[in-house]
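# A look at the structure
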Amino acid sequence: MRWRDLRAGELRKEHVGQRLALAGWVGRRRDHGGLVFIDLRDESGLAQLVINPERTEEAAAVAHGVRNEFVVRAEGEVAARAPEAVNPSLPTGEVELQVDQLEIVSRSEPLPFQLDEENVDEVTRLRYRYLDLRRERMQRNLRLSAAVISAIRRFMDEQGFVDVWTPNLTKATPEGARDFVVPVRLQPGRFFVLPQSPQLFKQILMVAGFGRYYQIATCFRDEDLRADRQFEFRQLDLELSFPTREEVLDTLEGAVVASFEALGRTPPERPFRRLTWHEAMARYGSDKPDLRFGLELHDLTEETRGSEFKVFAQAPSVQYLTLPQELSRAELASLEELAKEWGGKGLAYLVFDEEDEVRSPIAKFLSAELVDAVRPEQPGATVLFGADEPETVARVLSAVRNHLGRQLALIDVSRDEFLWVTDFPLFEWDEDNKRWAASHHAFTGVRPGDEDLIESDPGQALSRAYDLVWNGWELGSGSIRIHDPEIQRRVFKAMGIDEAEAQERFGFLLEVLRMGAPPHGGFAMGIERFVALMAGEQNIREVVAFPKTASGSEPMTGAPTPIAQDILAELGIQVLPQDG
């Protein structure tokens, strides 16, 4: 027996008069005192079934026992709906199936929530994810994800990239997050880790002569989960031999445009905008700025040296932004609390009213010249100041800027702004460990001409790294890599990794680089972040079929769970009691 001749959403006017079978879930059942109407749903959409007892008493008897989410099979004749019954909002809205035979294939217990119910608790949604995935929103998001992946693969194949699978059991390398560790039964006391990225393998593939590599790689990071983070995620991972930076950026732009076109959306204009890291930090206080609104930062450090206001005079950095409207005391107090949440000591301000008079508790400590230096072009504005270490000021004012952009609806949501941020610092200072750490990763290339700064002034050395940002979300990062083993050793040494440790942890890579390594570079773009933005979702859990909650659990299966003691013993592992 054929379960169905068409999918429910494929029924059309040209099928009128044909006898067809349909199968799917009961989305809704309506009993009109004899006539029973059923909205039959499958992966393609909805079709209306009509069961008339005058046509078939047997099917009518079955229909009276049908409930939402039962799986049924219906066979009958396709008929045109009466003009007044046409539903223009449905592709199948001009026709219906007059049922002759109706079979209940599978019954459903009462659901923990209705599929059209709003504001269902997220833990409940994830506990019954198989029901949540039947909902239109989740069906749309996962199909959108599949279309994006397909478009990216077509584009990469057309560009001559080779899809190469790399291992999921590998060796720990510094990638910026904790590893998931995998014990090995055959070698007790030794462990694989799950890859945070295929970074070293894709570099090795370049030395192996593949030239253009890519994969949709699954990556694993043991880090706190947020709206844009999961333990496991996918990325478009790629690498090229003998590339210029422009070739790498052009490849990513092409993949982005191909994805937009596959969804029927107007693609962003190419080339994407560019800002160096220093420009982005100076203008927005962030290396992933949202360019859909203004509120740029301005530096006032030099102008405040010698100021009577000691908070400004003694701060290593003073910056401000101007909001083109007056804020109330309550609004300013709320912003001050936000600044403290982001590590600031407070938030100074000057409010210029419609008469251009200044309102502020610090105004009396500021010279007329300093007030005039920040005076907005139009009255009725608020100037907000940050004064602290440069990193703190940037972090606080960036948070305030983004908050105001959202709260005051300053963001032009009709725009898509893509941005390349380039020329990142090669190193950043790790205050906890009192040493230099790689800003991106240890294999990032050094800007030509900055090689001597690796030893003499690591904080001033720039890298050949670049990030892709979309509407304030970092989609991914990449770089032109180090292909010279001597430069790689020097970078390790600057990071406090001596020769012995470098050989123990990266000896295989150093050996590979000595065997004729071509210049190479690449990129890794987070698929879930990209798809979430495509789908208009703020949380990547909405585009992942079976995500983890913020606590790191998976409610549907109950994972993670304890492992039986005999299995742990076989692995040579003992679980110690945990405090609390």
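Procedures and definitions
- Residues numbered from 1 in each chain as written.
- Predicted model: local features only at pLDDT ≥ 70, side-chain atom pairs only at ≥ 80, totals over all residues.
- Heavy atoms only, no water.
- Pairing = 2+ DSSP bridges.
- Helix = DSSP H or I, 4+ residues; strand = E, 2+ residues; numbered from the N terminus.
- Salt bridge = Lys/Arg side-chain N within 4 Å of Asp/Glu carboxyl O.
- Buried < 20%, exposed > 50% of the residue type's maximum accessible area, 1.4 Å probe, protein only.
- Polar contact = N/O pair within 3.5 Å; in protein donor to acceptor, adjacent residues only side chain to side chain.
- Contact = heavy atoms within 4.5 Å.
- Axes fitted to C-alpha atoms, helices over the stretch in contact; angles between N-to-C directions.
- Phe/Tyr/Trp six-rings, centres within 6.5 Å; stacked < 30°, edge-to-face > 60°.
- Lys NZ or Arg CZ within 6 Å of the ring centre and 35° of its normal.
- Parallel < 35°, antiparallel > 145°, perpendicular 65-115°, else oblique.
- Left-handed = near helix turned anticlockwise from the far one by under 90°.

### Here's the deal with the pairing of strand β1 (residues 19-32)
Alignment of β1 against strand β4 (residues 71-80), held across 7 bridges, turns out to be antiparallel. From the neighbouring strand, Leu20 faces β4, where its bridge partner is Gly76. Relative to strand β2 (residues 35-42), β1 runs antiparallel, the two being bridged by 7 bridges. Counted as the bridge partner of His32 is Leu35 from β2. Between β1 and β2, which pair antiparallel one after the other, the connecting turn spans 2 residues, and Gly33 there sits at a positive phi close to 60°.

### Re the pattern of salt bridges
This structure, assessed with the given rule, holds 50 salt bridges. We note a salt bridge from Asp100 to Arg55, for which the minimum N-O separation is 2.6 Å. Residue Asp100 is located in strand β5 (residues 95-106), and its partner Arg55 is located in the loop between β3 (45-51) and α1 (57-63); the two are separated by 45 residues in the primary sequence. Between Arg274 and Glu246 there is a salt bridge, with its nearest N and O atoms 2.7 Å apart. Highlighted residues: Arg274 in strand β11 (residues 273-276) and Glu246 in helix α6 (residues 245-262), separated in sequence by 28 residues. The exposure class of Arg274 is partly exposed, given its relative accessible area of 34%. Among the residues examined, Glu246 registers a relative accessible area of 39% and is labelled partly exposed. If you follow the salt bridges from partner to partner, you end up with Arg125, Arg129, Asp132, Arg135, Arg137, Glu537 and Glu542 in one network.

### Let's talk about the side chain of His520
Looking at the element boundaries, His520 is found in strand β22 (residues 520-526). Here Gln203 takes part through its side chain, which lies 3.0 Å from a polar atom of the side chain of His520. Excluding anything up to four places from it in sequence, His520 contacts Gln203, Met206, Glu239, Leu240, Ser241, Phe242, Pro243, Ile480, Arg481, Ile482 and His483.

### Some remarks on the sheet that holds β4
Taken in spatial order, the 5 strands close into a barrel running β1-β2-β3-β5-β4, and their pairing is mixed. Direction aside, the axes of adjacent strands within the sheet are offset by 55° on average. The pairing of β3 with β5 spans 2 bridges and is classified as parallel. Bridge pairing links Leu49 to Leu97 in β5.

### Observations regarding the sheet that holds β11
Reading across from one edge, β6-β9-β10-β22-β21-β20-β17-β11 is the order of the 8 strands in this open sheet, with mixed pairing throughout. Both outer strands of the open sheet, β6 (162-163) and β11, are each paired with one neighbouring strand and no more. Judged from the 5 bridges that link them, strand β21 (residues 473-480) and β22 form a sheet pairing that is antiparallel. Residue pairing in the sheet places Gly476 in a bridge with Met525 of β22. In the packing of helix α5 (residues 199-207) onto the sheet, the strands contacted are β9 (212-220), β10 (232-241) and β22, and the crossing angle to β10 comes to about 25°.

### Describing the packing of aromatic side chains
The tally for this structure, following the rule as stated, stands at 18 aromatic pairs. An angle of 75° between the planes, with centres 6.3 Å apart, marks the rings of Tyr128 and Tyr130 as edge-to-face. Look at Tyr130 and you get partly exposed, because its relative accessible area is 42%. For the pair Trp420 and Phe523, a centre-to-centre distance of 5.6 Å together with 80° between the ring planes defines the contact as edge-to-face. Taken as a pair, Trp420 in strand β17 (residues 418-422) and Phe523 in strand β22 lie far apart in primary sequence, 103 residues in all. Take Trp420 and Phe523: they sit in the same class, and that class is buried. The ring of Phe293 has Arg401 lying over it, and the distance from NZ or CZ to the ring centre is 3.9 Å.

### Observations regarding the side chain of Asn471
One can find Asn471 in the loop between β20 (465-470) and β21. You can call Asn471 buried: its relative accessible area is 10%. There is a polar contact of 3.3 Å between the side chain of Asn471 and the side chain of Asp416. Here Glu417 takes part through its backbone nitrogen, which lies 2.8 Å from a polar atom of the side chain of Asn471. Ignoring anything within four residues of it in the chain, the contact list for Asn471 reads Asp290, Arg292, Arg415, Asp416 and Glu417.

### As for the packing of helix α9 (residues 329-341) against helix α11 (residues 390-407)
The geometry of α9 relative to α11 is characterised by a closest axis approach of 9 Å and an angle of 135° between their N-to-C directions. Regarding the angle of α9 to α11, the classification is oblique. Considering the relative orientation of α9 and α11, their crossing is right-handed. Residue-level inspection shows Leu335, Leu338 and Ala339 of α9 in contact with α11, the latter providing Val396, Ala399, Val400, His403 and Leu404.

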